[in-house]
Every structure is written in structure tokens, then in C-alpha cells.
Amino acid sequence: MICLGIEGTAHTVGVGIVDEQGKILSNIIKMYRPATGGIHPREAANHHAANIAPVIKKALIQSGKKIKDIDLVGFSIGPGLGPCLRTVATAARALALSLNVPLLGVNHCIAHLEIGKVITKASDVVLVYVSGGNTQIIAFSNGKYRVFGETLDIGIGNCLDKFGRILGLSFPSGPLIEKMAQKGEEYIHLPYSVKGMDVAFSGILTATKNLIGKQKPEDLCYSLQETCFAMLTEVTERAMAHTEKKEVLLGGGVACNKRLQEMITLMARARGAHFFCPPPSLLVDNGAMIAWTAVLMQRGGCHMDIQDTGVRQNFRVDDVEVIWKDVITTRS
Ligand code: AMP
Ligand code: MG
């Protein structure tokens, strides 16, 4: 079975083609980069509408498959920005209807987790999902994927991007902040905001912003990373202790950050746990993760009529019936 998956929850439109073993035949992304400011949902949706057909074509060429070889279409049904979700859903419906193949709407956060598992061969993970809009610690427990900790305000990537914008860096600023942080020499005290199992970033962002001009930018980048990543490492460790899981997996664009990887690795090692991290092309938003999760869903017996494929902007992982879990267990 060959599945084509379309991602489009926020800034990135992506198309991936996978087979039923999880082999990635192609994975093409195109990212919307605002000229100034942050992501404007309508402009991002227009970007996706303009790019979806060429991205599908490129993905087909890279995979060596023809459009008639596609047996299943998956798309990111949520959570995400309404205009972006609706644009991509429309394309996915049109494609599935024209090919007369099944269509499955995939939860974006679960897709990050499933692609990480199949690529790294991990089996029962705590996922640290750190992206622009999302920051959640997710694990399977009592029949569902559940959120064990999350941001109470903005996503970690959004925090880094906003700080970078004020420093005059281009979007996305996360990788540029990482480079500047490597030159940081002094840790500047910033508020550390862990509330139970949750984290919050907007206060730290304001505090760091207020120090611009008073401290070296490199030290601010370094201190912002150290503080936010330490918070994430703390709640991840607590989730691992609570769930008694011995595997930790990274997902989301911020997981490209080497310092975050190092902190989570050290924590895992100290607990005798295993650390897993997919390559950057599968950490960022991408179509392959949507395609692979659609394959799992279909193998588990999931079916959606076209009228069930309305987008879900606030789709939570614990709203998903994980009917494919046995399929995964048998495979791994
Ligand atoms: P995603 O939303 O998962 O596609 O990831 C995009 C987010 O990841 C943006 O907020 C980027 O700034 C952030 N990001 C990408 N690479 C890095 C990095 N090396 N360090 C920190 N953040 C990063
Ligand atoms: Mg994402």
C-alpha cells in the first residue's frame, strides 16, 4: 500500500509518500516565511494553496510513483491554524475523491510521535513535542495518547521566534538563537516557570526582552535556551518517572537544537533510559509523518467518510481513539 500524506497545520505545507512498512519514498516541504512579523494565518493558507500542487508533483517524482499508484490519502486534520487546515483539507479531499481512494484525517501531534517511533525503532516512548505552536509531553497510557505536561501559554518555538524578531533575526529564529547561544559566556538569571507538570514561556520572554541593551545578546540567547530547556527537561523527567517509561523521543522543529538534545540525553542517561531523535527532516512539520500515521490508522481499521473530515483546530491527542495500537505492538 502506498500512502500520500499532506501536512499543513501552520507555516509548512508538506507532502510525503510512504509504503506500508514505513519506508519513506519521498518527503517534500515548502515553508511560508513572512516578510515581517509572525505568521499571518490567511497568508500562510494562500501560500499553501499556491504550493500544494507543485509539492505533490515533486513528491511523486522523488518517490518514483505515479499518481495512480496512491492507495490512500492522509492529511493533517488538526490542531492548527483554521485557514491553513481548511486549505490542505480541501486539497486532500479533492485528491482522494478524484483517485477514488480512502481519506484519513490525522492528528498532527500523534503523527510526530508515530514517525519518530518507526524511524528510531523505539516502542513505548515519552514524546517531548517542541515546535512553533505546540509544546507538550505526550505518552501512551490507559488506551490513549495523553498529555502529561504542556505549555500554559505560547509554544517554545514561538517564544524563541518572538525573541529573535526583537533582536532583528529573521524567521524562524530558533536556529539563529542556537548559534548565538553557543557564543554566550555568562548565565543571566531569568524566571524559571514550571507549574506542576506544565510550563509557561511568556513571562521568561518578557524578562529576556527587558534585558536587551543591558546584557550581551549572546548571553541572553544562551540564558533563554538554558532556562526554557531545563524546564522542559524537568517535566519530561517527571513524566518518565510517573509513567515508568524507559524511552524518550524528541519531535518538533525545536528538537533540532543540539543543546536541548544534550540536556534530554543526559537526563535519560541518568535514569538508565534510552534517548531517540529522528533526523531534522522528520522533526519539523512534514508530510511523511502524516502519511505513515494514516497507514497505521487504516491498518487498524479506521475509516472516515468525506463528511467526517472537517478540520479540528483544537484537536487534542486524548480525543483520538488509538485503534491501531495493536498493529504497532505486533510490528515492534
Ligand atoms: P515546527 O513548528 O515543528 O515545524 O518547528 C518550527 C520551529 O522550530 C520554529 O519555531 C523554529 O524557530 C524552531 N527551530 C528550528 N530549528 C531550531 C533550532 N536549531 N533550535 C531551536 N529552535 C529551532
Ligand atoms: Mg508540528
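In this report, we go over the structure that sits alongside the text. (Residues numbered from 1 in each chain as written. Chains lettered and ligands numbered in written order. Predicted model: local features only at pLDDT ≥ 70, side-chain atom pairs only at ≥ 80, totals over all residues. Heavy atoms only, no water.)

A large share of strand β1 (residues 2-7) lies buried, amounting to six of its six residues. The two faces of β1 match: I2, L4 and I6 on one face and C3, G5 and E7 on the other face are all buried. Sheet topology places β1 next to strand β2 (residues 12-19); six bridges connect them, and they run antiparallel. The residue bridging L4 from the neighbouring strand is I17, located in β2. Taken together, β1 and the strand that follows it, β2, pair antiparallel across an intervening segment of four residues. Pairing of β1 with strand β4 (residues 72-78), which is carried by four bridges, proceeds in the parallel orientation. (Buried < 20%, exposed > 50% of the residue type's maximum accessible area, 1.4 Å probe, protein only. Helix = DSSP H or I, 4+ residues; strand = E, 2+ residues; numbered from the N terminus. Pairing = 2+ DSSP bridges.)

In this section: helix α1 (residues 41-63). The largest bend in α1 comes to about 45°, at N51, with the proline P54 one to four residues further on. A44, A45, H47, H48, N51, I52, V55, I56, A59, L60 and S63 are the residues of α1 that are buried. Packing partners of the buried residues in α1 comprise β1, β2, β3 (24-31) and α2 (82-99). G64 occupies a position one or two residues after α1 and carries a positive phi of about 75°. (Bend = angle between axes of the 7 residues up to and from the residue. Contact = heavy atoms within 4.5 Å.)

This part covers the coordination of the magnesium ion (ligand 2). Protein-derived coordination of the magnesium ion (ligand 2) comes from H108 (NE2), H112 (NE2), Y129 (OH) and D285 (OD), at a distance range of 2.1 to 2.4 Å. Each donor residue of the magnesium ion (ligand 2) lies on the same chain, and together they follow the pattern H-x3-H-x16-Y-x155-D. Of this pair, H108 sits in helix α3 (residues 108-120) while D285 sits in the loop between α9 (280-283) and α10 (287-299), and the two are 177 residues apart along the sequence. Looking at H108, the relative accessible area reads 1%, which means it is buried. A relative accessible area of 9% places D285 in the buried class. (Donors = N, O, S within 2.8 Å, 3.2 Å for Na, K, Ca; no water.)

With that settled, consider the sheet that holds β1. Note on sheets: strands pair through backbone hydrogen bonds, and any given pair is parallel or antiparallel. One open sheet holds the five strands; their spatial order is β3-β2-β1-β4-β5, and the pairing between them is mixed. A strand with exactly one partner marks an edge of an open sheet, and here the two such strands are β3 and β5 (103-107). Within this sheet the neighbouring strands show an average axis-to-axis angle of 20°, counted without direction. In the packing of α1 onto the sheet, the strands contacted are β1, β2 and β3, and the crossing angle to β3 comes to about 155°. (Axes fitted to C-alpha atoms, helices over the stretch in contact; angles between N-to-C directions.)

If you check the shell around ligand 1, you find 18 residues, and the closest are S131, D161, G174, E178 and G253. Measuring from an oxygen atom of ligand 1, one finds a side-chain N or O atom of H11 at 3.1 Å. Interatomic distance of 3.4 Å between a backbone N/O atom of G157 and an oxygen atom of ligand 1. Look at ligand 1: alone it shows 510 Å² of surface, and the protein chains cover 93% of it. Taken together, the elements giving at least two residues each to the shell around ligand 1 come down to α4 (156-167) and α5 (174-181). When grouped by side-chain class, the residues that make up the shell around ligand 1 number six nonpolar, nine polar and three charged. Each of domain 1 (2-113 + 282-319) and domain 2 (123-278) accounts for three or more of the residues forming the shell around ligand 1. (Near = heavy atom within 4 Å. Polar contact = N/O pair within 3.5 Å; in protein donor to acceptor, adjacent residues only side chain to side chain. Areas by Shrake-Rupley, 256 points an atom, 1.4 Å probe, with all protein chains shown as cover. Nonpolar A, V, L, I, M, F, W, Y, C, P; charged D, E, K, R; others polar. Domains from an automatic or database assignment.)

With that settled, the discussion passes to the environment of T36. With respect to the helices, strands and loops of the structure, T36 is situated in the loop between β3 and α1. Each C-alpha atom of the pair T36 and D69 lies 41 Å from the other, and the pair is 33 residues apart in sequence.

Below, the discussion takes up the pattern of salt bridges. If you walk through the whole model with that rule in mind, you get nine salt bridges. Here K245 ties to D124 by a salt bridge, and the two come within 2.9 Å at their closest N and O atoms. Taken together, the residues K245 in the loop between α7 (217-243) and β11 (247-251) and D124 in the loop between α3 and β6 (126-130) connect sequence positions 121 residues apart. Its relative accessible area of 10% is what places K245 among the buried residues. (Salt bridge = Lys/Arg side-chain N within 4 Å of Asp/Glu carboxyl O.)

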